[in-house]
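Below, each chain spelled out in residue letters.
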Amino acid sequence: MGQYEVVHALTIRETRTRFGAHQLGYLWALVEPALMILTFYVLFAFAGRSAPTGMTLFSFIATGICPFLIFSSTVTFVSNAINGNKALLYYPQVNPIDVVIARVFLEFATYVGVFLVLLGLETLVLRKASVSDPLLIVYGFGLASLLGAGLGLVFLGLGQLSNAMERARGPLMRPFFWVSGIFFTADGMPPQARELVLWNPVLHTVELCRAGWFERYNDTHATPSYALIWAVCLLLVGLLLERVVRRKIDLT
Amino acid sequence: MIELRHITKSYSTPFGPNVVLDDITVLIPTGQSLGILGQNGAGKSTLMRIIGGAEMPDSGTIVREGKVSWPIGFAGGFNGSLTGEDNCKFVARIYGQDVDRVIDETREFAEVGKYFYMPVRTYSSGMKARVAFGLSMAIDFDVYLVDEVTAVGDKRFREKCAAVFNERQAYSSMIMISHSMPTLRAQCTRGAVLTKSGFSVFDTIDEAISVYEEGLKR
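Residues numbered from 1 in each chain as written. Chains lettered and ligands numbered in written order. Predicted model: local features only at pLDDT ≥ 70, side-chain atom pairs only at ≥ 80, totals over all residues. Heavy atoms only, no water.

S.K.: Would you mind showing me how to read the domain arrangement of chain B here?
M.R.: The figure often quoted for interface size is the accessible area lost as the parts come together. Residue and element names in this part refer to chain B. According to the domain assignment, chain B consists of domain 1 (1-67 + 143-218) and domain 2 (78-140). Each of domain 1 and domain 2 has a C-alpha centre, and the two are 25 Å apart. Contacts between domain 1 and domain 2 engage 11 residues on the former and 12 residues on the latter. Between domain 1 and domain 2 the total buried area reaches about 1100 Å² when both faces are included, carbon and sulfur atoms providing 65% of it. (Domains from an automatic or database assignment. Contact = heavy atoms within 4.5 Å. Buried area = accessible area lost by both parts, 1.4 Å probe.)

Next up, the structure:
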């Protein structure tokens, strides 16, 4: 059996499991980030903070949250690929990597869809379409997804080696929420702080998406190759770890 | 044909590695049904998972000719939040089978009525077993691995299973684990005994049973 068929069948299965058998389930995928954006919108509005020039508050938050969610949600789903699906591994043609590929693909498709719906709606309301460079957005989303896949694989491997590592994932992931540019742009930061946060590759994916969406956002500090190197290294380490733990997966 | 060459498998425990299978070498020819006997904890189910390819051995190689089933009698491969139909579709797809045919045959065999279109978590264990068994019969395997399947289900279900197995034996092989001697005698031609000291195959199931019972007395 080809790997393609297996990944295809897994993707359908994962979609059904996550969103339920009804079409309405897809709405939930939309509701969660929409509520998050709304919460921040209200908070920002009360705090009297406004978006950097050339951006509406809504699209500023949305362009930050969508790539971040692709990253963090891919990490979560990939690192649970074995433990959440142990029974599937009884079918010898299903390998952990197949589950990982299906989940990465599903997360990517979900948040690209969410992004399109949310910002599409805003464009309709404001009657103003201003996508500066769609390819940059695709690039940013792709990088966020690859970073998530790589880090998720690393956690997947470490989690099979030790239980403590599995529990450490949540706390380790939390700082990303604050330093990935959901609430700020790299340009708006004091230079010293900027130096620091630019070490975070996820921030570069957010910056890329904003550069792609906002026409006048030229002061981007995104270095795509930096994020790409991170993604490739994480993927290499993650795939290596998968080979190490492959024989140790305990089905019982 | 299934050939195991020097298969070793151990699990790590807090008290050091527990060697379950120690250097097992055996050849199981096609067209025969082999009953495997062994005490609890001897490693029968581990052996089945390794033959089926669900787990990898620590060392050694396995040669499989033909399509080998997953250990039948196990319904854990189902996802509880999906319907019986969706679960069957998934399995049919990964085995490259005609999805509609597999669905029809499984539904007919399982006799769970409209529950077939409801989430598997609402099933009783008997219903789950019937769907799982029907599904494994709907896919054409060359070798069926059977792990205590007759332990679940009522008399009627057991009879139905036995009938399907007998019909299948004309063109498929079977490797069966059971603690029920009558079942093994009825279904298997050859027998094997798995103990800590190794895996020995006998030409008749009766011979294997007497060796196994001899071992229990000691």
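Now that the structure has been shown, we can carry on.
S.K.: Any chance you could explain the nonpolar core here in plain terms?
M.R.: Soluble globular proteins tend to bury their nonpolar side chains together. Counting residues in each nonpolar core, the largest one holds 65 residues, and the members touching the most others are A:Tyr91, A:Val94 and B:Trp70. Top element by residues in this core is helix H4 (residues 125-138) of chain B. It accounts for seven residues. Composition of this core by domain shows at least three residues from each of domain 1 (1-67 + 143-218) and domain 2 (78-140) of chain B. Apart from the residues within four sequence positions on either side, B:Trp70 is in contact with A:Tyr90, A:Tyr91, B:Val91, B:Tyr95, B:Ala132, B:Leu135, B:Ser136, B:Ile139, B:Phe141 and B:Leu145. (Core = buried A, V, L, I, M, F, W, Y, C linked by side-chain atoms within 4.5 Å. Buried < 20%, exposed > 50% of the residue type's maximum accessible area, 1.4 Å probe, protein only. Helix = DSSP H or I, 4+ residues; strand = E, 2+ residues; numbered from the N terminus.)

S.K.: Even after reading the chapter, I still don't get the interface of chain B and chain A, so can you show me in this structure?
M.R.: Across the boundary between the two partners, chain B contributes 28 residues, which contact 23 residues of chain A. Taken together, the two surfaces of chain B and chain A that pack against each other cover about 2300 Å², and 62% of this comes from carbon and sulfur. The largest contributions to the chain B side of the interface with chain A come from B:Phe90, B:Arg93 and B:Ile94, which together make up 26% of the buried area. Inspection of the region where chain B meets chain A yields one salt bridge. The residue A:Arg16 makes a salt bridge to B:Asp86 at a minimum N-O spacing of 2.7 Å. Remark: the boundary between chain B and chain A carries three residue pairs in polar contact (both at pLDDT 80 or more). (Salt bridge = Lys/Arg side-chain N within 4 Å of Asp/Glu carboxyl O. Polar contact = N/O pair within 3.5 Å; in protein donor to acceptor, adjacent residues only side chain to side chain.)

S.K.: Even after reading the chapter, I still don't get helix H7 (residues 205-217) of chain B, so can you show me in this structure?
M.R.: Because the α-helix completes a turn every 3.6 residues, residues three or four places apart line up on one side. Residue and element names in this part refer to chain B. When the terminal C-alpha atoms of H7 are compared, their 19 Å separation across 13 residues agrees well with the 18 Å that a helix rising 1.5 Å per residue should span. Burial in H7 covers these residues: Ile205, Ala208, Ile209 and Tyr212. The buried residues of H7 all sit within an arc of 100 degrees when viewed along its axis, so they share a single face. For H7, the elements touching its buried residues are strand E3 (33-37), helix H6 (181-187), strand E8 (190-195) and strand E9 (198-202). (Expected span 1.5 Å × (residues − 1). Arc of directions from axis to C-beta.)

S.K.: Honestly, the pattern of salt bridges in this entry has me stumped. Any pointers?
M.R.: Should their charged atoms come close, side chains of opposite charge can pair. All names here are of chain A. Enumeration according to the criterion identifies 13 salt bridges over all chains in this entry. As a salt-bridge pair, Glu107 and Arg18 come within 2.3 Å of each other at their nearest N and O atoms. With Glu107 in helix H4 (residues 96-126) and Arg18 in helix H1 (residues 3-19), this pair connects stretches of sequence that are 89 residues apart. The exposure class of Glu107 is buried, given its relative accessible area of 1%.

S.K.: Looking at this structure, how should I read the packing of aromatic side chains?
M.R.: Aromatic ring pairs are described here by two measures, namely the spacing of the ring centres and the angle between the planes. Per the counting criterion, the structure on display carries 20 aromatic pairs over all chains. A ring pair is formed by B:Trp70 and B:Tyr95, whose centres lie 5.7 Å apart and whose planes are at 45 degrees; its orientation type is tilted. Taken together, the residues span a long stretch of sequence, with B:Trp70 in strand E5 (residues 68-72) and B:Tyr95 in the loop between helix H2 (84-94) and helix H3 (99-110) at a distance of 25 residues. In this pair, the class of B:Trp70 matches that of B:Tyr95, namely buried. In this structure an aromatic cluster arises from ring pairing among A:Phe40, A:Phe44, A:Phe68, A:Phe177, A:Trp178 and A:Phe183. In this structure, A:Arg13 packs its charged tip against the face of B:Phe90, placed 4.6 Å from the ring centre. Between B:Lys160 and the ring centre of B:Phe109, over which it is positioned, the NZ or CZ distance is 4.6 Å. (Phe/Tyr/Trp six-rings, centres within 6.5 Å; stacked < 30°, edge-to-face > 60°. Lys NZ or Arg CZ within 6 Å of the ring centre and 35° of its normal.)

S.K.: Looking at this structure, how should I read the layout of surface pockets?
M.R.: A probe matching the size of a water molecule, rolled over the atoms, marks out where space remains unfilled. In this model, the largest pocket occupies a volume close to 460 Å³. Lining the largest pocket are 18 residues, and of these A:Gln160, A:Lys248, A:Ile249, A:Asp250 and B:Ser12 sit closest to its centre. Among the elements of the structure, helix H5 (134-161) and helix H6 (163-179) of chain A together with strand E1 (2-13) of chain B are those that each provide at least two residues to the lining of the largest pocket. Looking at which element gives the most residues to the lining of the largest pocket, the answer is E1(B), with four residues. A breakdown of the residues in the lining of the largest pocket according to their chemical character gives three nonpolar, eight polar and seven charged. (1 Å grid on protein atoms, 1.4 Å probe; cavity = no way out; pocket = protein on both sides within 12 Å on 5 of 7 lines; lining within 4 Å. Points joined across faces, edges and corners; volume = space filled by probe spheres on them. Nonpolar A, V, L, I, M, F, W, Y, C, P; charged D, E, K, R; others polar.)

S.K.: Would you take a moment to explain the environment of A:Thr63 for this structure?
M.R.: Residues and elements named next belong to chain A. Mapped onto the fold, Thr63 is located in helix H3 (residues 57-79). Separated by 85 residues in sequence, Thr63 and Gly148 have C-alpha atoms that sit 17 Å apart. Filtering out sequence-adjacent residues up to four positions away, Thr63 remains in contact with Phe115, Leu119, Val206, Cys209, Arg210, Trp213 and Phe214. Only 3.1 Å separates the side chain of Thr63 from the side chain of Arg210, close enough to count as a polar contact.

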